[in-house]
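Given next are the chains, with one letter for each unit.
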Amino acid sequence: MNAPSTRTRRHDPNRRDRIIALALDVIAETGVEGVTHRHIASLADVSLGSMTYHFQGMDDLLASAFALYSRQVSAHYAQHLESARNVDQARDAVADYLFSPFWQEKRNFVLLMELYSYVARHPPMRERVQDWLSDGRVFLERHFDSVTAKMLDSFIEGVTLHRAIDPDLLDRENVRRSIERLTS
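Quick caveat, the model's predicted, so the values are computed rather than measured.

Student: Just checking my understanding: could you explain the environment of V73 for this structure?
Tutor: Position of V73 relative to the elements: it lies in helix 4 (residues 58-81). For the pair V73 and L112, spaced 39 residues apart in the sequence, the C-alpha separation amounts to 9.5 Å. With residues up to four places along the chain from it excluded, the contact list for V73 reads Y97, F102 and W103.

Student: Where do I start with the pattern of salt bridges in this structure?
Tutor: Close approach of charged atoms allows side chains of opposite charge to pair. Taken as a whole, this structure holds eight salt bridges when the rule is applied. Across the pair D153 and R137 runs a salt bridge whose closest N-O atoms are separated by 3.1 Å. Here R137 lies in helix 7 (residues 124-140) and D153 lies in helix 8 (residues 146-165), a separation of 16 residues in the sequence. Residue D153 is classed as buried on the basis of its relative accessible area of 7%. Notably, a salt bridge pairs R177 with E173, separated by 2.4 Å at the nearest N-O pair. Residue R177 and its partner E173 are both found in helix 9 (residues 172-183); the two are separated by four residues, about one turn of the helix. When salt bridges with common partners are traced through the structure, they connect D88, R91, D92, R176 and E180 into a single cluster.

Student: Got a minute to help me understand helix 1 (residues 15-30) in this structure?
Tutor: Since one α-helical turn is 3.6 residues long, residues separated by three or four positions face the same way. Over its 16 residues, helix 1 extends 22 Å from the first C-alpha to the last, a length consistent with the 22 Å expected when each residue adds 1.5 Å. Every buried residue belonging to helix 1 is among R15, I19, I20, A23, L24, V26, I27 and A28, and all of these are buried. Buried positions along helix 1 lie against helix 2 (37-44), helix 3 (48-54), helix 4 and helix 6 (106-121). G31 sits one or two positions beyond helix 1 and adopts a positive phi of about 90 degrees.

Student: When you look at the packing of helix 1 against helix 6 in this model, what are you seeing that I'm missing?
Tutor: Describing two packed helices takes the angle between their axes plus the distance from one axis to the other. Interhelical geometry of helix 1 versus helix 6 gives an angle of 90 degrees and a closest axis separation of 9 Å. When the interaxial angle is binned, helix 1 and helix 6 end up roughly perpendicular. Here L24, D25, I27 and A28 of helix 1 lie close against helix 6, whose contacting residues are R107, V110, L111 and E114. Residue composition of the contact of helix 1 with helix 6, grouped by class: five nonpolar, no polar and three charged.

Student: I keep staring at the packing of aromatic side chains and nothing clicks. Help me out?
Tutor: For any pair of aromatic rings, the description consists of the separation of the ring centres together with the inter-plane angle of the planes. Under the counting rule described, the total for this entry stands at six aromatic pairs. Plain terms: the ring middles of Y77 and F139 are 6.2 Å apart, the flat faces sit at 70 degrees to each other, and that makes the pair edge-to-face. Residue Y77 is found in helix 4, and its partner F139 is found in helix 7; the two are separated by 62 residues along the sequence. What makes F139 buried here is its relative accessible area of 15%. Consider the rings of Y97 and W103, whose centres lie 6.0 Å apart with planes at 85 degrees: the pair is edge-to-face.

So, how was this worked out
- Residues numbered from 1 in each chain as written.
- Predicted model: local features only at pLDDT ≥ 70, side-chain atom pairs only at ≥ 80, totals over all residues.
- Heavy atoms only, no water.
- Helix = DSSP H or I, 4+ residues; strand = E, 2+ residues; numbered from the N terminus.
- Contact = heavy atoms within 4.5 Å.
- Salt bridge = Lys/Arg side-chain N within 4 Å of Asp/Glu carboxyl O.
- Buried < 20%, exposed > 50% of the residue type's maximum accessible area, 1.4 Å probe, protein only.
- Expected span 1.5 Å × (residues − 1).
- Axes fitted to C-alpha atoms, helices over the stretch in contact; angles between N-to-C directions.
- Parallel < 35°, antiparallel > 145°, perpendicular 65-115°, else oblique.
- Nonpolar A, V, L, I, M, F, W, Y, C, P; charged D, E, K, R; others polar.
- Phe/Tyr/Trp six-rings, centres within 6.5 Å; stacked < 30°, edge-to-face > 60°.

This is the structure we're talking about:
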C-alpha cells in the first residue's frame, strides 16, 4: 500500500495566468528556445500534469504568453493614444508612446523581437498578430484615414525596432517631425 503524499494540493484559481506570466518572463530572459514545460512547471511550482491540463502543447503556451505581452503593449498604446482629441495631439501621443519608459526597458524590446521571430517560424500565429496590430490601428484611425494609419503603424514598428538596436539613433523631435510628414 502506498503512503499518502505529504504534499497538499493547493486551490490555485490563478495557476494558468501565473504559468503564462512566468513563460513570458522566461522568453524575455532566454528566448523562446528557453521555454520548456519542465522549466516553467518548476518555476511555477506546479506538476507537469498542470502544464498539459492548461495547455495543449508548447505552441499553446507560447501563444498564450505572447497574447499576454500583446495585451500589455495594447494597454500601453491605449494609455497614450486614447486621450488624443485631434490630429496634432495624436501625433504627439505617437511620439510619446515611442519614447516612453515602456520602450526603454530591454525586456519589452526583447519580447517584441522574440514575438516577430516566433511568428516568422510559426505561420499559424501570423493571423493572431495581424489581429493585434489591427486592434492598435483603431486608435490611429480615429484621427487618420485607414491607409495613413497603416503606414504610421509600420513607421511605429520600424522606429521601435531601430531604437532597440540603437536608442540614440533617433531623437523624439525628429521622430515627431517624421510623424507629421507621414500624416500630412
